[in-house]
Structures are given as structure tokens and as C-alpha cells.
Amino acid sequence: MLIKDLKQDCPRCQTTGKVAAFSQWGIQQTNIGGTCPDCKGRGYLPSLLGQDVLHFLNDQTLDKHAARLKELEDRLAAAQQQLESINQHLTKLEKPSR
Ligand SMILES: [Zn+2]
């Protein structure tokens with residue numbers, strides 16, 4: 001697999017990344033700034049293979065973040081228990097039973 005397999009030439013701007021005008025809902029519009037609205041000025045779009053790879057990477061990234069979030073939630077719960085315990089000790093120290 002090569003990088004060029006992951007992308008295809010943008011058909012709207014023909015890889016220039018610029019278009020002077022484009023048609024939206026059948027209305028011809030001047031393109032202020034000139035950047036191609038399809039490829040955002042890159043001149044290429046992800047190919048079907050490129051889209052698959054992006055999807056795969058996003059899934060993996062989401063899994064990684066979900067695992068990290070769970071780990072942080074567990075640590076937060078443990079820290080809250082410790083804090084609760086400390087608060088109980090402090091309450092006893094502040095109000096000694098007679
Ligand atoms: Zn383009």
C-alpha cells in the first residue's frame with residue numbers, strides 16, 4: 001500500500017486546491033478566498049481505501065481513549081474514597097466525643 005493509494009485527485013479543482021466559483025443548489029457562486037470547498041485546498045480527497053484506513057484509525061483511537069477514560073475514572077473513584085476517609089478523620093479530630 002502506498003500513500004498515493006490512500007488519496008485521489010479532487011475532481012472539482014483538478015488538484016489545484018483552488019476554484020474561482022462553484023455551484024450550490026444550482027446557483028453559481030463566487031468562491032471568496034478561492035479555496036476548493038471539497039478538498040479544503042488540499043487538491044486531493046481520501047480514496048475509498050483511504051477512508052477505510054481513517055475509519056480504522058479512528059476506531060483504534062476511540063478504543064484507546066475509552067480505556068484511558070476508564071482508568072482515570074477508577075483513579076478518581078479511589079481518590080474520592082481516600083478523601084472521604086480523610087474527611088471522616090478530620091471530623092473526629094475537630095469534634096472529639098466526650
Ligand atoms: Zn479540490
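Residues numbered from 1 in each chain as written. Predicted model: local features only at pLDDT ≥ 70, side-chain atom pairs only at ≥ 80, totals over all residues.

## Some thoughts on the overall build of the protein chain
The condition that has to hold: Under the DSSP-based scheme used, a helix requires at least four consecutive residues in state H or I and a strand at least two consecutive residues in state E, with every element numbered from the N terminus. Radius of gyration means the value over C-alpha atoms here, while the globule rule gives 2.2 Å times the residue count to the 0.38 power. Remark: C-beta atoms are placed from the backbone, and a residue is labelled buried if 20 or more other C-beta atoms sit within 10 Å of its own, exposed if 12 or fewer do, or partly exposed between those counts. Remark: residues whose backbone-derived C-beta atoms lie within 7 Å of one another are considered to be in contact.
Within the protein chain, the regular secondary structure consists of two helices and four strands. Listing the helices and strands of the protein chain from first to last along the sequence gives α-β-β-β-β-α. Its C-alpha radius of gyration of 28 Å places the protein chain more than 25% over the 13 Å reference for a compact globule of 98 residues. Based on the C-alpha atoms only, the size of the protein chain along its principal axes is roughly 85 × 35 × 20 Å. Buried residues in the protein chain amount to 4% of all 98 residues. Look at the contacts in the protein chain between residues 6 or more apart in sequence, and 55% of them connect residues 24 or more apart.

## Some words on the domain arrangement of the protein chain
The cut-off we apply is this: Boundaries of every domain are those given by an automatic assignment or by a domain database.
You can read the domains of the protein chain as domain 1 (1-46) and domain 2 (56-98). Each of domain 1 and domain 2 has a C-alpha centre, and the two are 48 Å apart.

## Remarks on helix α2 (residues 48-94)
Because an α-helix completes one turn every 3.6 residues, residues spaced three or four positions apart along the sequence face the same direction. Just so we agree on the cut-off: Multiplying 1.5 Å by the residue count of a helix minus one yields the expected span of that helix.
Here α2 spans 67 Å end to end across 47 residues, near enough to the 69 Å set by a 1.5 Å rise per residue. Summarising burial for α2: zero of the 47 residues are buried, a small minority.

## Here's the deal with the pairing of strand β2 (residues 21-24)
Quick reminder of the rule: When DSSP finds at least two bridges between two strands, those strands are taken to pair.
Two elements, β2 and strand β3 (residues 27-30), share four bridges in a ladder whose sense is antiparallel. Note that in β3 the partner of Q24 across the bridge is I27. Taking the residues that link successive antiparallel strands as the turn, the β2-β3 hairpin has two residues, and the phi of W25 there is positive, at about 50°.

## Quick word on unusual backbone geometry
A positive phi is found at T15, a non-glycine position, where the angle reads about 70°. Classification of T15 by C-beta neighbours within 10 Å gives partly exposed; the count is 14. With a phi close to 55°, K40 is a non-glycine residue in the positive phi region. Judged by the 11 C-beta atoms lying within 10 Å of it, K40 is exposed.

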